[in-house]
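Observations on the three-dimensional arrangement
The primary structure of each chain is shown beneath.
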Amino acid sequence: MDRRTLLKIGGAAALSATVAAADPGPRGAAELRSRLKGTVLFPGDKDFEAEAKGYNPVATHRPEAIVIAGSAADVAAAVGFAARARMPVAVQATGHGIGAAATGGILINTRKLDRVTVDRRRRTVRVGGGVRVRAVVAQAAESGLAMRNGSSLDVGVVGYTLGGGLGPFGRAYGYAADHVRGIDLVTPSGRPLRLSRHENPDLFWAVRGAKSNFGVVTGMEFDLFPLSRLYGGALLFPGGVAEQVLAAYAALRLPEAMTTGLAVLRAPGKPPVVRVTAAFLGSQAAGERLLGPLLGLRPIQNTLGVLPYEKIGTIYNDPPAAPLPVHERSGLLRRLPVERLLAAAGPDAALPPGMVEVRHLGGALARRPAAPNAIGHRDAAYTLFLASPAPADQAAAVGAAQQKVMDALTGDLTGGMLPAFTSASDTAPERVRTAYEPETYARLRKLKRRHDPHNLFRANHNLR
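Here the structure is a predicted model, which is why all the values come from computation and not from measurement.

Conventions adopted
- Residues numbered from 1 in each chain as written.
- Predicted model: local features only at pLDDT ≥ 70, side-chain atom pairs only at ≥ 80, totals over all residues.
- Heavy atoms only, no water.
- Salt bridge = Lys/Arg side-chain N within 4 Å of Asp/Glu carboxyl O.
- Helix = DSSP H or I, 4+ residues; strand = E, 2+ residues; numbered from the N terminus.
- Buried < 20%, exposed > 50% of the residue type's maximum accessible area, 1.4 Å probe, protein only.
- 1 Å grid on protein atoms, 1.4 Å probe; cavity = no way out; pocket = protein on both sides within 12 Å on 5 of 7 lines; lining within 4 Å.
- Points joined across faces, edges and corners; volume = space filled by probe spheres on them.
- Nonpolar A, V, L, I, M, F, W, Y, C, P; charged D, E, K, R; others polar.
- Expected span 1.5 Å × (residues − 1).
- Arc of directions from axis to C-beta.
- Contact = heavy atoms within 4.5 Å.
- UniProt positions renumbered as here; feature names shortened; annotations may be inferred.

So, on to the pattern of salt bridges. All told, the structure shown has 20 salt bridges when counted by the stated rule. For R443, the salt bridge identified is with D202, shortest N-O distance 3.1 Å. Here R443, found in helix α16 (residues 438-451), pairs with D202, found in helix α9 (residues 201-210); they are 241 residues apart in sequence, far enough to count as distant. Close ionic contact of R431 with D426 constitutes a salt bridge, the shortest N to O distance being 3.0 Å. Looking at R431, the relative accessible area reads 23%, which means it is partly exposed. Relative accessible area serves as the criterion here: at 0%, D426 is assigned to the buried category. Put simply, D119, R122, R126, D184, R194 and E221 are held in one network by salt bridges that share partners.

Right, dumping it as structure tokens:
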């Protein structure tokens, strides 16, 4: 490897500043390659551009090198090399959660760390850092067990969980992050650590909420729960009855065993529709009684029914994971403001194609877990989530339209948001701060200074 390539890897300034400590010359780069079972790619290599892409191309990675890790040891070697050279490190598996683009440094992809091991007796599962939710759902279902998965089965388990993990069983079981037993983490120094309630408890608390700010997760163990069937699905209504649907939805009195959401959906060239989703851990008869006021409004589509757990993804029926630029905003609501929500985001509102969704919180989501974590704002009543697919040249117009919705609901918003819903529009320090309660944010920053003093892990929602 010649000197020009190495200058690309570290950047001339970083290279000259750290020659003595890191020796990132030809021998150093050769040593990194020799220690990796995985693949190292540089700009100009055949697969470099494809590997740099994530699910949401609204943020585009431009690293100096990409490591496709074949093992936890690969991750440790890559991070250790970057630490010695003071190079920034970014990590992704599926790329659904890209917030900030990785510019320079090393991008580590963990997708090949894809082992899933279910322990039926202990009702637990161990996953590698690159496992997708779909693989856990399938293997857990074989044992009559379930994970606290989200609406999409194509996202990475680690990223989903470390952001909190809000799913169809949230009101019954809380956040996915609340049920993690242990985490295997490669720290910013390249050191592998085991995190649990009794091992490195400060980092165990922090990583579950602060995501990639503290290193690369190469493995995770968490609880499963017994579930083979459930009552769930979606109701679809024409936009013309949106007012009645929202009023009926707001008036529902639901047990913790039922988790619901409501969304106004806009497809290009088609009239808006209203969708209500529900997942219930009780019988079909009981579920139909609870949702009776909505069923009485005669939905144009009704997929509610008894489902085997492995079909849980059909409730939301998210599209296949293909790269799509999506512009997002989110917040938390104290209450469901039916009239203001209709005016700001209902079928008659001037909004671009996409979705405005609220999800019902409360229940177990409002309670602190046995193993505390950095997921807060547990007193909110609903999430608010806006998503609009649009090319880059329409980003400003889409952002302005979404901001109007947020402004119209200011009095109903708590001012916070969940880490799971932070997006590319939330990378500024003042936005990152709102994802955490004040005491939590202060504690996270102290831990960040201690464990990542050079802020190598900064291509994220960064704790600066």
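Here the narrative resumes, following the displayed structure.
Looking now at empty space enclosed by the protein. All told, the structure shown has eight cavities of 30 Å³ or more when counted by the stated rule. Empty space within the largest cavity amounts to approximately 80 Å³. Along the walls of the largest cavity sit 13 residues, with L351, P352, M355, V356 and S388 positioned nearest its centre. Sorting the residues of the lining of the largest cavity by element identifies β13 (258-266), β18 (354-360), β19 (382-389) and α14 (395-408) as the ones contributing at least two each. Grouping the constituent residues of the lining of the largest cavity by class yields nine nonpolar, three polar and one charged.

This brings us to α14. For α14, which comprises 14 residues, the first-to-last C-alpha distance of 20 Å matches the rise-based estimate of 20 Å (1.5 Å per residue) to within 8%. Every buried residue of α14 is listed here: V398, A401, Q402, V405 and M406. Angular distribution of buried residues about the axis of α14 spans 145 degrees; they occupy a single face of the element. Those residues of α14 that are exposed and aimed more than 90 degrees away from the buried face are A396, A397 and K404. Against β17 (326-333), α13 (338-345) and β19 lie the buried residues of α14.

Let us look at the UniProt feature "domain: FAD-binding PCMH-type" (unreviewed entry) in the protein. According to UniProt, the positions carrying the feature "domain: FAD-binding PCMH-type" (unreviewed entry) are residues 59-227. Across residues 59-227 one finds 26% helix and 26% strand; the C-alpha atoms that close the span lie 37 Å apart.

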